[in-house]
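# Architecture at a glance
Below are the chains, spelled out letter by letter.
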Amino acid sequence: MKVTVIGTGYVGLTTGASLAYLGHEVTCVDVDEVKVEQLTGGIMPFYEPGMKELIQTQQDRMQFTSSYWEAIMEADVIFFAVGTPANSDGSPNLTYLFTAVEETVGYLRMKEKRTVLINKSTVPVGTGDQIARKVQEAGLESKVKVASNPEFLRQGRAIQDTLYPDRVVVGGDDASSGILRELYGNLLEQSFEPPFHAPRPAGYTKPDYIHVDRRSAELAKYAANAFLAMKISFINEIANVCDRVGADVKQVADIIGKDPRIGSSFLQAGIGYGGDCFPKDTRALHYIADTNGYDFKLLSAVIEVNQSQRMVMIQKLRERLGELAGKHIAVLGLAFKPGTDDLREAPSIPIIESLVAEGAHVRVHDPVAMEKARPLLPDVIHFSEGVTELLANADAALLVTEWPEYTRLNAEEMKSLMRQPILIDGRNAMNRANFEDFDYQGIGTGLKRQVERAYAKP
């Protein structure tokens, strides 16, 4: 099929590259001409493992343009994958989406070919109906269908999640569902040869194909992210209780995660979720519920817990160092998670801002997010070229992002570099057994050793 993808962010670029790999002719549209030129030249707008390599292998089936006319007139299906950033009240900003819709519908008036408009942007319930009304007002309902096809990809694993999904969700009528079944045919059957840098997971068979109405598909995306965010906030609350009673949250999470009704995913305690999806989507769902007359109390608590959780590291640091003014603090990691350079809602930003506000001297490092972080952080921050420079004479180190480069660090080497062997592990990612000579504090594990010492025989 001939596919057009409007928007070249995480979702749009991943969708376009994956569909090209599956054999379709793909045109990606972006109004930013500089970005289009860079993509044409092989320069990626963000870091995502394997993305550049995948696009390079699909140059004969994938092109980039800023021209709607060029992209739309021959397309069988058109994906909307533009940003829906949060407004100040938490509502999704649909300006970019409807600008793209109106531009597209304008060109569709001059087109005879039947087309399916597919929304992949995360949007409030009923947005697909609004798009359908615009199609109807333009007199195009006989040849243009509107569907919802939400994505469930994770940054750092976007290609794998697109090629080997748990489920493919389509909201729309039978006609649009049939076209999407055809579009995703070899993905649904897993009949394609996996790319070398994204092998098919062991034991993976086929995804479920779920055909529902548009509104259910739209709400499902918000519901999925809100539920996962709830699991993260719940285990972080349990971690805070563990710190007060001397229990180990990793052991507690392992026990409850064995229950198939709960599952182990997203039960890793730490400093909270970040990135673009979870913070934005939880606030958006709360706004949707509120404007429809429902007080979503549980979601309010999930959001509140996440906001406060990132400051747990600062409190643990104060307990060890007292006044932070004049102290040298090393921050390991800036991106909100490993495998990406995304700093949207990254816990590192408010943590670093709090350290600076209390007068600490802060050094930071990240394998891929340093350049993106520079304009977001105070001028007094020192960006270290490597971990050795970062840790030299530090009074404490904070593990904020669990990059493998950090979790593999040698404890003895770290101790030899630091002024004080204090490590606050905000992701519970380090092997505690290697840090016996450190004042090591995890999240929900910090008091365990103190309790054991208190009850140890003299």
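For the structure itself, consult the block above.
Computed from a predicted model, the values in this text were never measured in an experiment. (Residues numbered from 1 in each chain as written. Predicted model: local features only at pLDDT ≥ 70, side-chain atom pairs only at ≥ 80, totals over all residues. Heavy atoms only, no water.)

### Structural notes on the overall build of the chain
Across its full length, the chain holds 20 helices and 14 strands. The C-alpha extent of the chain, read off along each of the three principal axes, is 85 × 45 × 45 Å. Burial analysis of the chain (458 residues in total) assigns 54% to the buried set. Looking at the chain as shown, the accessible area adds up to about 20500 Å², and 51% of this sits on carbon and sulfur atoms. (Helix = DSSP H or I, 4+ residues; strand = E, 2+ residues; numbered from the N terminus. Buried < 20%, exposed > 50% of the residue type's maximum accessible area, 1.4 Å probe, protein only. Areas by Shrake-Rupley, 256 points an atom, 1.4 Å probe, with all protein chains shown as cover.)

### Let's talk about the nonpolar core
Ranked by size, the top nonpolar core spans 59 residues in total, and within it L317, L334, L355 and L398 carry the most contacts. Counting residues per element, this core draws most heavily on helix α14 (residues 312-321), at five residues. Beyond its immediate chain neighbours, meaning those up to four positions away, L355 contacts I314, L317, L324, I329, V331, A360, V362 and L398. V26, V36, F192 and Y204 belong to the second-largest nonpolar core, a separate cluster that totals 41 residues. (Core = buried A, V, L, I, M, F, W, Y, C linked by side-chain atoms within 4.5 Å. Contact = heavy atoms within 4.5 Å.)

### Digging into the state of the cysteines
Under the counting rule described, the total for this entry stands at zero disulfides. Free of any disulfide, C277 has its nearest neighbouring cysteine sulfur in C28, separated by 18 Å. Under the relative-accessibility criterion, C277 is labelled partly exposed at 24%. (Disulfide = S-S within 2.5 Å.)

### Some points on α14
Counted residue by residue, α14 has seven buried out of ten residues, so it is predominantly covered. Immediately beyond the C-terminal end of α14, within one or two residues, lies G322, with a positive phi of roughly 70°.

### Digging into the packing of aromatic side chains
In this description, a pair of aromatic rings is defined by centroid distance and the angle of the planes. The tally for this structure, following the rule as stated, stands at ten aromatic pairs. Taking the centre distance of 6.3 Å and the plane angle of 90° together, the rings of Y21 and F192 count as edge-to-face. Within this pair, whereas Y21 is found in helix α1 (residues 10-21), its partner F192 is found in the loop between α9 (185-189) and β8 (208-212), the two being separated by 171 residues in sequence. Taking the relative accessible area as the measure of exposure, Y21 reaches 19% and is therefore buried. (Phe/Tyr/Trp six-rings, centres within 6.5 Å; stacked < 30°, edge-to-face > 60°.)

### A look at the pairing of strand β5 (residues 115-119)
Burial analysis of β5 places five of its five residues in the buried class, which makes it a mostly covered element. Across the two faces of β5 the burial is the same, with T115, L117 and N119 and V116 and I118 all buried. Relative to β5, strand β4 (residues 77-80) runs parallel, the two sharing four bridges. Note that in β5 the partner of F79 across the bridge is I118. (Pairing = 2+ DSSP bridges.)

### Re the sheet that holds strand β10 (residues 361-365)
Strands sit in the order β11-β10-β9-β12-β13-β14 across an open sheet of six strands; the sheet is parallel. One side of each edge strand has no neighbouring strand; the edge strands of this open sheet are β11 (382-383) and β14 (439-441). Bridge count between strand β9 (residues 328-332) and strand β12 (residues 396-399): four bridges; the pairing is parallel. Each bridged residue has a counterpart across the sheet, and for L332 the counterpart in β12 is L399. Sheet contacts for α14: β9, β12, β13 (422-425) and β14; angle to β13, the most-contacted strand, approximately 160°. Where helix α15 (residues 348-357) meets the sheet, its contacts fall on β9, β10 and β12, and the angle it forms with β10 comes to roughly 155°. (Axes fitted to C-alpha atoms, helices over the stretch in contact; angles between N-to-C directions.)

### Section: helix α11 (residues 249-257)
When we look at burial in α11, the residues that qualify are V249, A253 and G257. With its buried residues spanning 65° around the axis, α11 presents them on a single face. Residues of α11 that are buried make contact with α10 (214-245). Near the N-terminus of α11, the side chain that reaches the backbone nitrogen of K250, with its oxygen 2.9 Å away, is that of D248. (Arc of directions from axis to C-beta. Polar contact = N/O pair within 3.5 Å; in protein donor to acceptor, adjacent residues only side chain to side chain.)

### Some details on the side chain of S233
When you line up the elements, S233 lands in helix α10. Judged by its relative accessible area of 3%, S233 is buried. Those residues in contact with S233 that sit more than four places away from it in its chain are Y273, V302, V305 and N306.

### So, the packing of α14 against α15
Where α14 meets α15, the closest approach of the two axes is 9 Å, and the angle between their N-to-C directions is 35°. On α15, the residues touching M313, I314 and L317 of α14 are I351, S354 and L355. Taken together, the residues of the contact of α14 with α15 break down into five nonpolar, one polar and no charged. (Nonpolar A, V, L, I, M, F, W, Y, C, P; charged D, E, K, R; others polar.)

### What about the packing of helix α6 (residues 127-137) against α10?
Running from N to C, α6 and α10 point in directions that differ by 135°, and their axes come no closer than 8 Å. By the criterion of interaxial angle, the relationship of α6 to α10 is oblique. Contacts from T127, G128, D129 and A132 of α6 reach α10 at R214, R215 and E218. Partitioned by chemical class, the residues of the contact of α6 with α10 number one nonpolar, two polar and four charged. (Parallel < 35°, antiparallel > 145°, perpendicular 65-115°, else oblique.)

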